[in-house]
Amino acid sequence: MELCVRSRALRRCSIQTVTMAKAKSSRKETAAKAEGISKAKRVAPALAVNIGSTPATRFRGNPDIFGQLVLDHDRHRALIAMIEETHGDSAVRKKLFTELTREVKAHAAAEEQALWSSVLRDPKTTEDARHAVAEHKQIDDFLADLAARDMASSGWLRRFAKLKEKYLHHIREEEQEQFVAAERHLTPTDLKHLRSVFLHRKRDEKAHVEFKKKLKPSLY
Ligand SMILES: [Fe+2]
Ligand SMILES: [Fe+2]
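The rules behind these values
Residues numbered from 1 in each chain as written. Chains lettered and ligands numbered in written order. Predicted model: local features only at pLDDT ≥ 70, side-chain atom pairs only at ≥ 80, totals over all residues. Helix = DSSP H or I, 4+ residues; strand = E, 2+ residues; numbered from the N terminus. Buried ≥ 20, exposed ≤ 12 C-beta atoms within 10 Å, placed from the backbone. Contact = placed C-beta atoms within 7 Å. pLDDT = per-residue confidence, 0-100. Core = buried A, V, L, I, M, F, W, Y, C linked by C-beta atoms within 7 Å. Axes fitted to C-alpha atoms, helices over the stretch in contact; angles between N-to-C directions. Parallel < 35°, antiparallel > 145°, perpendicular 65-115°, else oblique. Left-handed = near helix turned anticlockwise from the far one by under 90°. Expected span 1.5 Å × (residues − 1). Bend = angle between axes of the 7 residues up to and from the residue. Arc of directions from axis to C-beta.

Novice: Would you mind going over the overall build of the chain with me for this structure?
Specialist: Broken down by element type, the chain carries six helices and zero strands. Out of the 220 residues belonging to the chain, those deemed buried represent 27%. The contacts in the chain between residues at least 6 apart in sequence include a share of 72% that link residues at least 24 apart.

Written out as structure tokens, the structure reads:
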């Protein structure tokens, strides 16, 4: 600390502090991304996950709702990348597509109830919330269309590529634009509270699907 008394030494100290903070934040982001990928990998551990680079976001690894949402997004990115590694009407493709559908639907429903419903009430961010919810409906339609088609047909992967393009666009826009705008109108307490609302809602959503599956297994 004594070295920091002189101005040159003080500058050096502050550069070191910034560098250490950046390294810490980069480790946190890498660990959060690895966590999302490993959750996806549990479905098919032998399959490669070529997720590649992801759009930069300062929310990755955050302890609030945005960190949790980005963790889910990375899990979805990994599931999409794994599906692209599969072939034809294979059991592993079916398993991964079922998991992607279940995860994306539960995520979207919980995101709408925890985040977008709060954001919708503020006139400054109403349009962002509407846009995100409208895209959820489009993604839902894509998933239903793919589920009704023959996975072994060449058209299936072409349609899947369109879903991928749409979904990656949706989550990039959320991470880089809509979450940034929403964050300005929410307090740190709101953000922590919304994370817990999101997690509860997502868990209930998945449990509800499992219940419906038991009642009418032919539909799933
Ligand atoms: Fe979304
Ligand atoms: Fe999302």
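Novice: Mind showing me how you'd approach the confidence of the model for the chain here?
Specialist: Low-confidence regions, as indicated by low pLDDT, have predicted coordinates that should not be scrutinised in detail. The predicted model of the chain averages 89 in pLDDT, with 88% of residues at 70 or higher. Across the chain, the secondary-structure element scoring lowest on mean pLDDT is helix α1 (residues 7–41), at 78, and the one scoring highest is helix α2 (residues 65–83), at 97.

Novice: How do you make sense of the environment of Asp140 when you look at a structure like this?
Specialist: You can see Asp140 is positioned in helix α4 (residues 126–147). For Asp140 and Leu163, which are 23 residues apart along the polypeptide, the C-alpha to C-alpha distance reads 9.7 Å.

Novice: Looking at this structure, I do not really get the nonpolar core. What am I missing?
Specialist: Burial of nonpolar side chains together is a common tendency in soluble globular proteins. Core analysis: the biggest nonpolar cluster contains 18 residues, and Ile65, Phe66, Ala114, Leu115 and Phe198 have the highest contact counts within it. Taken together, the elements giving at least two residues each to this core come down to α2, α3 (91–120), α4, α5 (154–183) and α6 (188–215). Considering every element that reaches this core, the biggest residue donor is α3, with six residues. In contact with Ile65, other than residues within four places in its own chain, are Ala114, Leu115, Leu191, Leu194, Arg195 and Phe198. Formed by 16 residues, the second largest nonpolar core is a distinct cluster that contains Ile83, Val104, Leu163 and Ile171.

Novice: Could you clarify how one ought to interpret the environment of Thr101 in this entry?
Specialist: Residue position: Thr101 is located in helix α3. For Thr101, the residues in contact, after removing those within four places along its chain, are Leu143 and Ala147.

Novice: Could you clarify how one ought to interpret the packing of α3 against α6 in this entry?
Specialist: Relative placement of two packed helices is described by the angle separating their axes and the distance separating the axes. It is at 8 Å that the axes of α3 and α6 come closest, and there the two elements cross at 140 degrees. Classified by the interaxial angle, the pair formed by α3 and α6 is oblique. Note that α3 runs across α6; the crossing there is right-handed. Residues Arg102, Ala106, His107, Ala109, Ala110, Glu111, Gln113, Ala114, Leu115 and Ser118 of α3 lie in contact with α6, whose contacting residues are Leu194, Val197, Phe198, Arg201, Lys202, Glu205, Lys206 and Val209.

Novice: It is not clear to me how α5 should be interpreted in this structure. Could you clarify?
Specialist: An α-helix turns once every 3.6 residues. As a result, residues three or four positions apart point the same way. Taking 1.5 Å of rise per residue, the 30 residues of α5 would be expected to cover 44 Å, and the 42 Å separating its terminal C-alpha atoms lies within 8% of that figure. At Glu174, α5 shows its maximal bend, which comes to roughly 45 degrees. Residues of α5 that are buried include every one of Phe160, Leu163, Tyr167, His170, Ile171, Glu174, Glu175, Gln178, Phe179, Ala182 and Glu183, and no others. Next to the buried residues of α5 lie α2, α3 and α4.

Novice: Help me out: how do you make sense of the packing of α4 against α5 in this one?
Specialist: Closest axis-to-axis distance for the α4/α5 pair is 10 Å, and the angle between their directions is 160 degrees. With respect to α5, the element α4 is oriented roughly antiparallel. In this structure, the crossing between α4 and α5 has a hand that is left-handed. Packed against α4, whose contacting residues are Asp128, Ala132, Glu135, Gln138, Ile139, Phe142, Asp145 and Leu146, the element α5 presents Trp156, Arg159, Phe160, Lys162, Leu163, Lys166, Tyr167, His170, Glu174, Gln178, Ala181 and Ala182 at the interface.

Novice: I'm lost on α4 in this one. Help?
Specialist: Taking 1.5 Å per residue, 22 residues should reach 32 Å; α4 reaches 32 Å between its end C-alpha atoms and fits that length. Residues Asp128, Ala129 and Ala132 constitute the buried set of α4. All buried residues of α4 lie within an arc of 95 degrees about the axis, which places them on one face of the element. Every exposed residue of α4 that faces more than 90 degrees away from the buried side is listed here: Ala134, Lys137, Asp141, Ala144 and Asp145. Buried-residue contacts for α4 involve α3 and α5.

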